[in-house]
Protein chains: 2
Amino acid sequence: MLAGGYGGPVIEPAALQTAPSATAERADAADERAGRVTINDVAAAAGVSVSTVSKVINGRYGVSAKTAEHVSRVVGELGFETSIVASSLRGGRTNVIGVLVAGFEPFTLGVLQGISAELTGTGYDLLAYSGRSAPGEQAGWERRSLSRLGGTLIDGAILVTPTVETASTPVPIIAIDPHTGRSPLQSISGDNRDGALQAVRHLIELGHRRIAHLRGRGDLESALLREEGYRRALLEAGIPVREELIVDGDYLADTATGAVAALLDLADPPTALFAANDVSAIRAMDVATGRGLRVPQDLSVVGFDDIPAAATSVPALTTVHQPLEEMGRLAARRLLDELDGRAQPEPGRHEELATQLVVRGTTAAPEA
Amino acid sequence: MLAGGYGGPVIEPAALQTAPSATAERADAADERAGRVTINDVAAAAGVSVSTVSKVINGRYGVSAKTAEHVSRVVGELGFETSIVASSLRGGRTNVIGVLVAGFEPFTLGVLQGISAELTGTGYDLLAYSGRSAPGEQAGWERRSLSRLGGTLIDGAILVTPTVETASTPVPIIAIDPHTGRSPLQSISGDNRDGALQAVRHLIELGHRRIAHLRGRGDLESALLREEGYRRALLEAGIPVREELIVDGDYLADTATGAVAALLDLADPPTALFAANDVSAIRAMDVATGRGLRVPQDLSVVGFDDIPAAATSVPALTTVHQPLEEMGRLAARRLLDELDGRAQPEPGRHEELATQLVVRGTTAAPEA
DNA sequence: ATGAAAGCGCTAACAA
DNA sequence: TTGTTAGCGCTTTCAT
């Protein structure tokens, strides 16, 4: 049966555009799905069975050198690449790391860059997936994504700012900046408390005493820790915490607008503001300048995260830098160690990376 | 046969962690793949066939309201989500848009942000895939990725800076900043020539006459157009183009190092430099300051792209802003229009978005 | 209205 | 050494 196989027509790569299949009988089928060469096409063209092709592709034993070489050549000629979809469904490894995100905003992007950098040269591909949360299903997007990905499309996953507890999962998982405090997941985050501490100390050193705090989302661990840092800095400087100077910003620009306005309406308004993230800090600046206040002369502002926009705002925002890229790298490293058997899974293990205050143009000593 | 079905045990969501399956016979199988609920589990739990479940999920006709409601409830209770992998393999639509990238660097990230923004609320999920090019297979990564994704995991794809011609593809495709000039692909890019024109005009207006150009990769359309803009600006100002002031930077920091050094070694060195991208521009600054030159007093520098690092360099880099986000949005819009049948495919159609010079701190009038 | 069964591309027993 | 076959989870005819 193999008789004519080896002597069969050799397809020129250039010719593939119009005739992806080597066997005449399959030509019509090929027309429908132009561009996609399957293992069947290869088997037919090489005159062997699909399992033989599979063995060659995956370097399994049980194929003669001669056959292996022949098949390899046909694979090259046809430009065949095994479909992750099919092999994944079948259950094998895919050599793909999944990064599950709620969306592609600055925070996510920074982390992604780190993961990508760490993965180069490891043989793993990177697949970032953002499941647009179905209406009314904001929280728990990561569970849905994990399900949709089938737990097999990817060999392991990195969850970026997951919102809910995820207990049993089909593949090894590591979380970055988990929102629910200590979870059973292995996780990585920036040192939120210390970052806040640095930010507020900086304001105190500049001579500020009436320092307000624009809080983050109350249900998120990071927001709680940032507020804790704010309080501690005040305490250690002997400055009493005034609750009316703590307002809710929700990490959102829109929520910040009203909160900051209320702050500035106070009889004794603050001379400085520590916002829980850059997005709300930048909005706070807008609100202040909109009222004729000058930043930083009349109001100093410090943010958190150090997103790209922080460097381009006018004036440039003083903020706490989170090592997003490094967080991504570390997460990838931990996951790979586990996947490649270099380390055992350590549920609940939590690592914190140092944060760093970046002083730019929105902070100065209070006037008079 | 349905007899006991409706009266069957109702699984509490909380109980799922340990017993994802409702039928005793399947309990052991479930143990192996904890966390993944399949359509079979749902069918068994609901006491109906898998095809019925499938119909309900996809809103097909041929299911009684009563059954539909029952199945829906079980789906909710078990937290079932259909696997993209399986449904994709079967051939149906997945409602997933693929973004194929060479890696996750600043350029890519900006585009991704735009695509993501445009996709919110459309019902499409976003899957970004970076196939770590196999050794020696740098170019053509997009063809490999496209193959690996099976042409069915995704309903359509956006190729970011593809490197080779891609003729017939399994799904609708649109390219951003294609590297090979006019291709059969529908594509979108920034206005490279005009951006370069703005950059060099700016230098001329400042009073510069000896303006050098650090070229990009010669095989890339964008680099050619940027050089063209440079030449045209000089020409229209009546300044003769001096070929010795044009050197190769390859878009790479390392290549830029030597090229810039050579430029500064000239008997009559340039007072200004237009670099083909930010990465090489920033390196050029380093080289100059390393030789004791001051930027911008002794050497003005303009970059291209406006990556985040351009805003944080010291001094901040004057550069040409590419509307990365808008490019992503437009690509997504075009693709969706095609997928949803609102527009016909227009092979070869090319759209250019305006670029904009951003003057920051690295350009000034030449010192006497 | 419902279910049985085929098949998408691939891998891994198992047979020959 | 090679081929045959049985699924992986899902959708979709086609029966019933």
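Residues numbered from 1 in each chain as written. Chains lettered and ligands numbered in written order. Predicted model: local features only at pLDDT ≥ 70, side-chain atom pairs only at ≥ 80, totals over all residues. Heavy atoms only, no water.

### Concerning the pairing of strand β3 (residues 156-160) of chain B
Residues and elements named next belong to chain B. In terms of residue burial, β3 counts as a mostly covered element, since five of its five residues are buried. Where burial is concerned, the two faces of β3 agree: the one with G156, I158 and V160 and the one with A157 and L159 are both buried. Examined bridge by bridge, strand β1 (residues 96-101) and β3 share four bridges and lie parallel to one another. Counted as the bridge partner of G98 is A157 from β3. Here β3 runs beside strand β4 (residues 173-176); their pairing, made up of four bridges, is parallel. Each bridged residue has a counterpart across the sheet, and for A157 the counterpart in β4 is I173. (Buried < 20%, exposed > 50% of the residue type's maximum accessible area, 1.4 Å probe, protein only. Helix = DSSP H or I, 4+ residues; strand = E, 2+ residues; numbered from the N terminus. Pairing = 2+ DSSP bridges.)

### A closer look at the sheet that holds strand β8 (residues 272-275) of chain B
Residue and element names in this part refer to chain B. Pairing in this open sheet of six strands is mixed, and the strands run β7-β6-β8-β9-β10-β12 from one edge to the other. At either end of the open sheet lies a strand with only one pairing partner, and these are β7 (246-248) and β12 (356-358). Pairwise comparison of adjacent strand axes, ignoring direction, gives a mean angle of 20 degrees for this sheet. Of the pairings in the sheet, the one linking strand β6 (residues 211-215) to β7 comprises three bridges and is parallel in character. Along β7, the bridge assignment pairs L214 with V247. Packed on one face of the sheet, helix α9 (residues 221-236) meets β6, β7, β8 and β9 (300-305) and runs near 170 degrees to β6. (Axes fitted to C-alpha atoms, helices over the stretch in contact; angles between N-to-C directions. Contact = heavy atoms within 4.5 Å.)

### Description of the sheet that holds strand β1 (residues 96-101) of chain A
Strand order in the open sheet made by the twelve strands is β11(A)-β5(A)-β4(A)-β3(A)-β1(A)-β2(A)-β2(B)-β1(B)-β3(B)-β4(B)-β5(B)-β11(B), with mixed pairing throughout. Strands at the two margins of the open sheet, each flanked by one partner only, are β11 (350-353) of chain A together with β11 (350-353) of chain B. Here the strands of the sheet are splayed against their neighbours by 20 degrees on average, with no regard to which way each runs. As judged from the six bridges shared by β1(A) and strand β2 (residues 125-130) of chain A, these two strands associate in the parallel manner. Along β2(A), the bridge assignment pairs A:V99 with A:A128. Docked against the sheet, helix α7 (residues 141-148) of chain A engages β1, β2, β3 (156-160) and β4 (173-176) of chain A together with β1 and β2 (125-130) of chain B, running at close to 150 degrees with respect to β1(A).

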